[in-house]
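Next come the chains, spelled out residue by residue.
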Amino acid sequence: MGASALTFSTNRHGQRVIAHAWPHDAPGCRAIQAELTQHIVTHDDFGPVATLGGIDIGFEDGGRTTRAAAVVLDAETLEIIERALVRVPTRMPYIPGLLSFREIPGALAALDQLAQRPDLVFVDGHGIAHPRRLGVATHLGLVTGLPTIGVAKKRLTGSHDEAPSGRGQWTPLRDKDDIIGAVLRSRVGVKPIFISSGHRVALDSGIAWTRRALTRYRLPETTRAADKLASNR
DNA sequence: GCGACAG
DNA sequence: ATCTTGTCGC
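Residues numbered from 1 in each chain as written. Chains lettered and ligands numbered in written order. Predicted model: local features only at pLDDT ≥ 70, side-chain atom pairs only at ≥ 80, totals over all residues. Heavy atoms only, no water.

Under the annotation held in an unreviewed UniProt entry, chain A carries the name Endonuclease V and is attributed to Salinisphaera aquimarina. Its UniProt record gives chain A the following Cofactor (unreviewed entry) comment, quoted word for word: "Mg(2+)". Under the Subcellular location (unreviewed entry) heading, UniProt states for chain A: "Cytoplasm". (UniProt positions renumbered as here; feature names shortened; annotations may be inferred.)

Quick look at the structure:
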């Protein structure tokens, strides 16, 4: 009785991964989130970073088909080393707070097509800046064992002051007394982006790595590359 | 009951 | 996310 819905194991890279059932109903998904929350790691726990990964999802056929893109960039030059694009049937509708259950199946399929595992992964969407701390970046990190950072274009939860206007500056995103993310001015004169720990990456590191992946655009090169692929352009 | 609500 | 053309501004 009281059996956990989670199963733990170690992958071939020595990273702990978590497996669980994939409910198709909202209550079932929230129950899984409640279990997963206990295993989120918000401090740095990853090795040398030579490559950066990017994940993004797109849809076609009125949403019936999910297009998932995964890219690997050289962390130093930001050149694209590898990319993968897969199509899988969409299983869940979009429900605020349950985005990961809609997008992760495709993301896993795309990651499987890569010849190499990126050392640090940027996910399009929030990490712990989520009502139950289980944004898509965090969830993906838990099930893959990969260090992840959430980079979102809009706020989901939490409150914040206006982000400073200088490039690279930020203001905390708060939920009650907790700092759950950063509202970062990635570029002067444009709307800020929301950075949060996914899994095994501290907020300050997430901010630092995001800055390193920024060039002249609002979004880091990792998500831009994945975006291009997933949106078929 | 009334808003808010990643992608 | 996706549906969609031109258009204002650097």
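In this section: the sheet that holds strand β10 (residues 193-199). Spatial strand order, β5-β4-β3-β6-β7-β10-β9-β8: 8 strands in an open sheet with mixed pairing. The outermost strands of the open sheet, each flanked by one partner alone, are β5 (80-89) and β8 (170-175). Neighbouring strand axes in the sheet, compared pairwise and without regard to direction, differ in orientation by 25 degrees on average. Pairing analysis gives 6 bridges linking β8 to strand β9 (residues 178-184), with the strands arranged antiparallel. Across the sheet, residue Arg 174 finds its bridge partner in β9, namely Ile 179. Here helix α2 (residues 99-113) sits on the sheet and contacts β3 (51-60), β4 (65-74), β5 and β6 (120-124); the angle it forms with β5, its principal contact strand, is near 135 degrees. (Pairing = 2+ DSSP bridges. Helix = DSSP H or I, 4+ residues; strand = E, 2+ residues; numbered from the N terminus. Axes fitted to C-alpha atoms, helices over the stretch in contact; angles between N-to-C directions. Contact = heavy atoms within 4.5 Å.)

What follows covers the protein's contact with DNA strand C. If you check the shell around DNA strand C, you find Gly 58, Phe 59, Arg 67 and Lys 153 and nothing else. Between DNA strand C and Phe 59, the relevant distance is 3.3 Å, taken from a phosphate oxygen to a main-chain nitrogen or oxygen of the residue. A distance of 3.5 Å is found between a phosphate oxygen of DNA strand C and a side-chain nitrogen or oxygen belonging to Lys 153. Classifying every residue of the surface near DNA strand C gives 1 nonpolar, 1 polar and 2 charged. (Near = heavy atom within 4 Å. Polar contact = N/O pair within 3.5 Å; in protein donor to acceptor, adjacent residues only side chain to side chain. Nonpolar A, V, L, I, M, F, W, Y, C, P; charged D, E, K, R; others polar.)

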